[in-house]
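# Fold and contact review
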Amino acid sequence: MALDSAKKSELLKKLEQGVVEFEDDEVRDAAQEWVDSGEDTYDAIFDGLVAGMEEVGRLFSAQEYFVPEMLMAADSLYIGLDILKPHMVARDSGVKGTVVIGTVQGDVHDIGKNIVKMMFDVAGFNVYDLGRDVALEDFLKKQLETNSDIVCLSAMMTTTMMGMPKVIEMIKEKNPNCRIMIGGAPITDDIVGKFGADATAKDASNALEEAVKMVVSLREIQKEANAKN
Amino acid sequence: MTQATMTARERVLRTLKGEKVTPVPCFSGVGNVTTKGLEKLGYRFADLHNNAQMMAEAAMTTWELFGYECVVIPFDLCMEAEALGCVMNPYAETQELLYPTIKEKSKLTTEQLRQAATPELLQRGRIPLVIEAARIVREKVGDQVAIGSYVLGPFTLGGQISELETLLKGSLKKPDDMIDYLDAMADVIVLVGNHLLRNGIDYISVREMGATSDVLSPRVFKKVIFPALKKVADNLASPNILHICGSVLPVIDMMAECGYSALSIDSKTPMKEAREKVGERTVILGNFNPFATLNTGTAEDAYNVAAQCVRDGVNGVHPGCDIWPTAKPENLEAMIRAVRETSV
């Protein structure tokens, strides 16, 4: 049974509100109803779940939400995503990329990294999550093994952030085309330049936006290279 | 005794009692060992954590080399967690200079924490080693300089022992269970803190950085964090300092209400506004960013930042976090000179 537009917007609202208010059951029911209808779930993910997460990001910036609220919303989003994703018709958006992500050695804080990873998961990136307290050379190993487009490094402390330039140097030496994004409390635009990284972002939505831009530019570089050959 | 003849120890202890000391002391409640200090001794940072003699010697170097007005032990944040059954990683095998972290969490429940809060706990992990280090320091420095130590606050210690994410979500989902858990944690902290203060430690910091307002809403702080922090303050001997970094302006009135001898804030909390909120009676230590001031800035920057802290009305110039070992010696010297030369 197909969804009429009134029903669609009702379910989208439920998914969005469900994420914003961490109503797991609401999200689960709405996602299931959408799947049962047999419709493509693309809109449910992006106009429902992701729209909800964007609102959560806004509330976080406005200091109405804090980290616990963000984590609860992320849980609700994953509940919906697990139901909806297997039924999404793949789209050739041309931006699907591969990402290696982790928190650098000495740092056991991975909450921010997990939120960014969630955005990549939603967008359909292939994500290799190395976890937290990751030995610096393991980033290089995984990048070489997967030939990932992007490596994302996270650090919550100023002091562990100092491991980042070493990883960046190792990776850029082996694979200059690999794009490197760094993030975490102590990271500023100034540090991105100093460390030789390619970008940072102020939150998870912006991190995804940056990542998409990077993959698009990498694909162009590859196209040009192929054309020359 | 005139202020000029006061020892560094007296200057710090009087400040923590709320007396006005001029110039204000320049000291820390948290770790401070420099690469210069380590080079002088020929020690590696990773080797200090499990050896009382090396810990003591290294902790004294910032006082000996720069006249920094404290000796603080230990250097890492794992002592209580280890006593509660967690396993620490000292990063002995890595080339990078890293602070130890917990690699295996014991995940004690509220009930288990209540059972653990007995004097037997005080013989576990490195608690005896830190007390031994305090004895070695005292033998060397006598009454010249105060010996500081620290314990983690209930929420932050909880994050060492359990998954932080579970605690953060619990603060919203099951606040009553969290309040109970942190209440049990408070007993452990009081037990360890009082033991340190009875055995050679002159002042103690309670580091509750996990509950900063960058992470938790003031609403959750009031409901879940405050009762445990207040319980610690009510039962911990003096002098004690409550340290929370990040922006804490929204909760600083509650921090003051707990009743610690002093509050310690970092550069993300503007001093003047903090003072306006809590008034003159609360001792406030702060509030410079140690990494930006001592490691990446110039000596002139360090001088200016420290002088500004004094002009903004701190009762002691205090870093917002550990002094990272690669701090530039000339910056440390400039900071200490600025504090001596600046009056309000």
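Residues numbered from 1 in each chain as written. Chains lettered and ligands numbered in written order. Predicted model: local features only at pLDDT ≥ 70, side-chain atom pairs only at ≥ 80, totals over all residues. Heavy atoms only, no water.

### What to know about the overall build of chain A
The secondary structure content of chain A amounts to ten helices and four strands. Counting from the amino terminus, chain A carries its helices and strands in the arrangement α-α-α-α-β-α-β-α-β-α-α-β-α-α. The dimensions of chain A, computed from C-alpha atoms along their principal axes, are 55 × 45 × 25 Å. Residues counted as buried form 50% of the 229 residues belonging to chain A. Taking the contacts inside chain A whose residues are at least 6 apart along the sequence as the reference set, 73% of them involve residues at least 24 apart. Once the 24 positive and 41 negative side-chain charges of chain A are each reduced to a mean point, those two points are 6 Å apart. (Helix = DSSP H or I, 4+ residues; strand = E, 2+ residues; numbered from the N terminus. Buried < 20%, exposed > 50% of the residue type's maximum accessible area, 1.4 Å probe, protein only. Contact = heavy atoms within 4.5 Å. Lys, Arg positive; Asp, Glu negative; His and termini not counted. Charge placed at Lys NZ, Arg CZ, Asp CG, Glu CD.)

### Some points on the overall build of chain B
Across its full length, chain B holds 15 helices and nine strands. By its C-alpha atoms, chain B is 50 × 45 × 40 Å across when sized along the principal axes. Considering chain B as a whole, with its 344 residues, one finds that 61% of them fall into the buried category. On chain B, roughly 13000 Å² of surface is accessible, and the fraction owed to carbon and sulfur atoms is 49%. Computed over 36 positive and 42 negative side-chain charges, the separation of the two mean positions in chain B equals 3 Å. (Areas by Shrake-Rupley, 256 points an atom, 1.4 Å probe, with all protein chains shown as cover.)

### Comments concerning the domain arrangement of chain A
All names here are of chain A. For chain A, the domain assignment lists domain 1 (5–87) and domain 2 (98–228). If you average the C-alpha positions of domain 1 and of domain 2, the two centres end up 26 Å apart. Opposite the 13 residues of domain 1 that make contact, domain 2 presents ten residues. Connecting domain 1 to domain 2 are zero salt bridges. In this assembly, domain 1 and domain 2 are joined by two residue pairs in polar contact (both at pLDDT 80 or more). For the side of domain 1 that touches domain 2, the secondary-structure elements that each account for two or more residues are α3 (42–61) and α4 (67–84). The leading source of residues in the side of domain 1 that touches domain 2 is α4, at seven residues. (Domains from an automatic or database assignment. Salt bridge = Lys/Arg side-chain N within 4 Å of Asp/Glu carboxyl O. Polar contact = N/O pair within 3.5 Å; in protein donor to acceptor, adjacent residues only side chain to side chain.)

### Thoughts on the nonpolar core
Of all hydrophobic cores here, the largest spans 177 residues; its most connected members are M53 and F120 of chain A together with F221 of chain B. Here this core takes 13 residues from helix α9 (residues 175–198) of chain B, the largest share from any one element. Inspection of this core shows a minimum of three residues originating in each of domain 1 (5–87) and domain 2 (98–228) of chain A. In this structure, L136, M164, V167 and I171 of chain A belong to the second largest nonpolar core, which totals 22 residues. (Core = buried A, V, L, I, M, F, W, Y, C linked by side-chain atoms within 4.5 Å.)

### Structural notes on the side chain of T146 of chain A
All names here are of chain A. Tracing the backbone shows T146 in helix α6 (residues 136–146). The exposure class assigned to T146 is buried, which follows from its relative accessible area of 18%. Here the side chain of T146 touches K142 through a polar contact of 2.8 Å, landing on its backbone oxygen.

### Quick notes on the environment of R11 of chain B
Residue and element names in this part refer to chain B. Mapped onto the elements, R11 comes out in helix α1 (residues 8–16). Taking the C-alpha atoms as reference points, R11 and T269, 258 residues apart in sequence, are found 25 Å from one another. Once you skip the residues sitting within four places of it in the chain, R11 turns out to touch M6, V21, T22, P23, V24, P25 and E69.

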